[in-house]
Amino acid sequence: MKTQLKISIFILSTVAFTGCATTTEQGATGVNRSQFTWGVSSEEIDQEAAKSYEATKKEAQAKHALDVNRDELRRVTEISKRLIPQTAIFRKDALQWKWEVHVISSKELNAYCMPGGKIIFYSGLIEQLKMTDGEIAAVMGHEISHALREHGRERMAEELAKQKGLGLLSASGAVQAPYVNAIGLASNYIFTLPHSRTQESEADTMGVELMARAGYNPQEAMNLWKKMGAVGGDKPPELLSTHPADETRLKHIASLMPKVMPLYEQASKK
């Protein structure tokens with residue numbers, strides 16, 4: 001079993017993590033990891049994201065929860081107008097995306113940017129954390145960075161490759177059927193979870209650069225994640241999580257300050 005597991009994990013890793021081109025330019029912070037997007041096109045992902053976004057908006061409208069707080073909508077919209085032009089640093093085509101920004105009234109502590117620039121903030125996040133504009137910019141920059149890096153597309157491609165790899169192993173008889181599920185579970189801990197944490201760190205890295213270039217103090221990202229950590233409740237060990245531990249995240253963001261503070265200072269003079 002140990003030999004089979006090692007061979008199978010090697011095959012899966014070769015299938016799932018063969019290097020491809022990066023989806024973004026490096027910027028000042030230097031995100032430059034090769035990405036695997038085999039079998040899933042940007043157009044396909046953007047179309048599905050647009051459908052999901054429209055469905056979310058319709059559901060919120062039906063509940064009289066879409067953009068009802070005009071002050072919150074104004075704040076989030078104005079912040080997005082400062083951040084979006086900065087996306088050209090990482091990818092010029094993002095300026096042509098059909099960007100949208102909406103606020104849904106809900107106690108949910110959440111925000112996201114779908115592929116193609118579809119942004120949603122939930123009022124609970126803004127209100128319960130008593131967020132400053134800089135902290136909103138930190139969240140928005142983080143979520144926009146996921147879209148710029150096409151992390152959702154990457155995850156779908158990797159899952160597709162993993163399933164195909166497991167199917168090939170099973171069909172070929174290289175691994176006995178009872179062990180296929182165990183190999184899939186092992187690959188989750190060895191590859192999928194660590195890679196998800198890498199994506200989160202990339203979004204943090206690019207996000208603080210975006211907010212700095214937009215004239216928001218990147219140190220507010222530290223304040224944001226401290227607040228998020230305080231309301232997050234019990235969390236699994238980092239090894240078993242899709243996100244870095246709070247301490248790991250804060251140390252990483254702090255390490256970026258020498259690169260992004262000059263960008264903020266320059267933007268503040270304009």
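Residue numbers run consecutively from 1 along every chain, following the written order of its sequence. Note on the predicted model: pLDDT of at least 70 is required for a residue's local features to be given, and 80 or more for side-chain atom pairs to be given and counted; whole-chain, interface and lining totals, by contrast, use all residues. Side-chain calculation: all heavy atoms of the structure are included, whereas hydrogens and water are not.

**Student:** Residues and numbers for the packing of helix H5 (residues 133-148) against helix H8 (residues 219-231), please.
**Tutor:** One way to put it is that H5 packs onto H8 with a least axis distance of 8 Å and a crossing angle of 85°. Considering the angle they form, H5 stands roughly perpendicular to H8. Together, Gly-134, Glu-135, Ala-138, Val-139 and His-142 of H5 and Glu-220, Ala-221, Asn-223, Leu-224, Trp-225 and Lys-227 of H8 make up the contact between the two elements. Here the term charged refers only to Asp, Glu, Lys and Arg, the term nonpolar to Ala, Val, Leu, Ile, Met, Phe, Trp, Tyr, Cys and Pro, and the term polar to all other amino acids, Gly among them. Its residues placed into classes, the contact of H5 with H8 shows 5 nonpolar, 3 polar and 3 charged. Only the stretch in contact is used when fitting a helix axis, every axis being a line fitted to C-alpha atoms; angles between N-to-C directions are given from 0 to 180 degrees. The helix count covers DSSP runs of H or I at least four residues long, the strand count covers runs of E at least two residues long, and both are numbered beginning at the N terminus. Here the word oblique covers every angle except those under 35 degrees (roughly parallel), over 145 (roughly antiparallel) and from 65 to 115 (roughly perpendicular). Whether two residues are in contact is decided by their heavy atoms: any pair within 4.5 Å suffices.

**Student:** Before we move on, could you go through the packing of aromatic side chains and cite the residues and values that matter?
**Tutor:** What counts as a ring pair is set by centres within 6.5 Å for rings of Phe, Tyr and Trp (its six-membered ring), and what kind of pair is set by the plane angle: stacked under 30 degrees, edge-to-face over 60, tilted for all other angles. For the structure on display, the rule yields 2 aromatic pairs. With a centroid separation of 5.4 Å and 35° between ring planes, the pair formed by Trp-97 and Trp-99 is classed as tilted. Ring geometry for Tyr-112 versus Tyr-122: centroids 6.3 Å apart, planes at 55°, classification tilted. Of this pair, Tyr-112 sits in strand E2 (residues 111-114) while Tyr-122 sits in strand E3 (residues 118-122), and the two are 10 residues apart along the sequence. Looking at Tyr-112, the relative accessible area reads 17%, which means it is buried. When the ring centre of Tyr-216 is taken as reference, the NZ or CZ atom of Arg-82 above it lies at 3.9 Å. Three exposure classes are used, based on accessible area relative to the maximum for each residue type with a 1.4 Å probe and protein chains only: buried under 20%, partly exposed in between, and exposed over 50%. In this analysis the charged atom, NZ for Lys or CZ for Arg, is taken to sit over a ring once it is within 6 Å of the ring centre and within 35 degrees of the ring normal.

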